Amino acid sequence: MKHFIIFGPPGAGKGTQAKLMVDKYNLRHVSTGDLLRGEIAKQTELGKKAKELIEAGNLVPDEMVVAMIKSEIANHPDVTGFIFDGFPRTTAQAEILDDMLTKLGKKVDSVISIIVDDDLVKERIKHRAMLENRRDDMQDEVITNRIATYHKKTEPIIGYYKKQNKYHEIDGAGTIEDIFKEVCALIDNL
Ligand code: AMP
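Below is a summary of the structure that appears in this document.

The rules behind these values
Residues numbered from 1 in each chain as written. Predicted model: local features only at pLDDT ≥ 70, side-chain atom pairs only at ≥ 80, totals over all residues. Heavy atoms only, no water. Helix = DSSP H or I, 4+ residues; strand = E, 2+ residues; numbered from the N terminus. Buried < 20%, exposed > 50% of the residue type's maximum accessible area, 1.4 Å probe, protein only. Contact = heavy atoms within 4.5 Å. Areas by Shrake-Rupley, 256 points an atom, 1.4 Å probe, with all protein chains shown as cover. Lys, Arg positive; Asp, Glu negative; His and termini not counted. Charge placed at Lys NZ, Arg CZ, Asp CG, Glu CD. Phe/Tyr/Trp six-rings, centres within 6.5 Å; stacked < 30°, edge-to-face > 60°. Near = heavy atom within 4 Å. Polar contact = N/O pair within 3.5 Å; in protein donor to acceptor, adjacent residues only side chain to side chain. Nonpolar A, V, L, I, M, F, W, Y, C, P; charged D, E, K, R; others polar. Axes fitted to C-alpha atoms, helices over the stretch in contact; angles between N-to-C directions. Parallel < 35°, antiparallel > 145°, perpendicular 65-115°, else oblique. Arc of directions from axis to C-beta. Salt bridge = Lys/Arg side-chain N within 4 Å of Asp/Glu carboxyl O.

Bringing the overall build of the protein chain into the picture now. The helix and strand inventory of the protein chain stands at 9 helices and 5 strands. Moving toward the C terminus, one meets the helices and strands of the protein chain in the order β-α-β-α-α-α-β-α-β-α-α-α-β-α. Overall size of the protein chain, expressed as C-alpha extent along the three principal axes, is 40 × 40 × 30 Å. Counting over 190 residues, the protein chain shows a buried share of 46%. Taking the intrachain contacts of the protein chain between residues at least 6 apart in sequence as the baseline, contacts between residues at least 24 apart amount to 73%. Only carbon and sulfur atoms are counted for the fraction: they give 51% of the accessible area of the protein chain, which is about 10000 Å². The positive charge centre, built from 28 side chains, and the negative charge centre, built from 31, are 3 Å apart in the protein chain.

Printed below as a string of structure tokens:
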């Protein structure tokens, strides 16, 4: 069983690439953002707690996403692999994921990082706002906060996975097809 992490700033195209990876490599896509939006739509307790934080562009507490990831892994023992999208987003989450997988005799195989600069990120988020009805994609100050949160809390994870020799970068400035070609080349060479 393989465990991939698709990494990068908000709007880098992680979800799009993850979906293509699912089709080609038969992986299960786990997006913590999608799971959280599902909880909000169902108006669960978790959803109610997450809503305000998400709409302000802040992260939800680690425990919340960790619990969701744990149940995703536990509920899908027969899949050929997972692609984690939007998780981990803090070094603490990365450490917890490692512990969780180690206990199951498994590991993170590779972190695929889509490199996109802040200006292009803003452009892509605004484009997505027109396609999907995401409240956190609509306001400039929320977008700015999400990007700042990424640099402050999520980027440090890069060092964590570099130390483990699992971190791989891909230029995210090209088309969806260009980026996916690079993703495939990377996976096929693992
Ligand atoms: P995304 O769809 O991945 O951009 O996530 C949307 C929002 O959900 C983020 O801005 C966070 O507020 C929240 N979120 C998603 N994944 C995580 C995570 N791993 N840790 C904390 N908050 C998260």
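What follows covers the packing of aromatic side chains. Applying the stated criterion to the full structure yields 4 aromatic pairs. On the numbers, 6.1 Å between centres and 50° between planes, the contact of Phe7 with Tyr150 is tilted. Remark: Tyr150 occurs in helix α7 (residues 140-154) and Phe7 occurs in strand β1 (residues 2-7); sequence separation between them is 143 residues. Residue Tyr150 is classed as buried on the basis of its relative accessible area of 8%. A centroid spacing of 6.2 Å and a plane angle of 65° characterise the contact between Phe84 and Phe87, whose relative ring orientation is edge-to-face. Phe87 carries the same exposure label as Phe84, and that label is buried. Following the ring pairs from residue to residue traces out a cluster consisting of Phe82, Phe84 and Phe87.

Lining the immediate surroundings of the ligand are 15 residues, of which Thr32, Arg37, Asn58, Gly86 and Gln93 lie closest. In the model, a nitrogen atom of the ligand is placed 2.9 Å from a nitrogen or oxygen of the Gly86 main chain. Interatomic distance of 2.9 Å between a side-chain N/O atom of Gln93 and a nitrogen atom of the ligand. For the shell around the ligand, the element with the highest residue contribution is helix α2 (residues 32-41), accounting for 4 residues. Residues that form the shell around the ligand fall into these classes: 6 nonpolar, 5 polar and 4 charged.

All right, on to the packing of α2 against helix α4 (residues 62-75) then. In contact at an axis separation of 11 Å, α2 and α4 are set at 100° when each is read in the N-to-C sense. In this view, α2 runs roughly perpendicular relative to α4, as classed from their interaxial angle. Here Thr32, Leu35, Leu36 and Glu39 of α2 come into contact with α4, specifically with Val65, Met68, Ile69 and Glu72. Looking at the contact of α2 with α4 residue by residue, the classes come out as 5 nonpolar, 1 polar and 2 charged.

Attention now goes to α2. Along an α-helix, residues three or four apart share an orientation, since each turn contains 3.6 residues. Looking at α2, one finds that the buried residues are Thr32, Gly33, Leu36 and Glu39. Down the axis of α2, the buried side of the element spans an arc of 120°, and every buried residue falls inside it. Gln43 sits one or two residues past α2 and shows a positive phi near 55°.

Next up on the list: unusual backbone geometry. Residue Pro88 follows Phe87 across a cis peptide bond; omega there is -5°. Of note, Pro88 is situated in the loop between β3 (81-85) and α5 (91-103). Residue Gln43 is not a glycine yet carries a positive backbone phi of 55°. By the secondary structure assignment, Gln43 is in the loop between α2 and α3 (45-55).

Attention now moves to the pattern of salt bridges. On inspection of all chains with the given rule, the structure shows 12 salt bridges. Through salt bridges that share partners, Arg128, Arg134, Asp136, Asp137 and Arg146 make up one connected network.

All quantities given are derived from atomic positions and should not be read as evidence of function.
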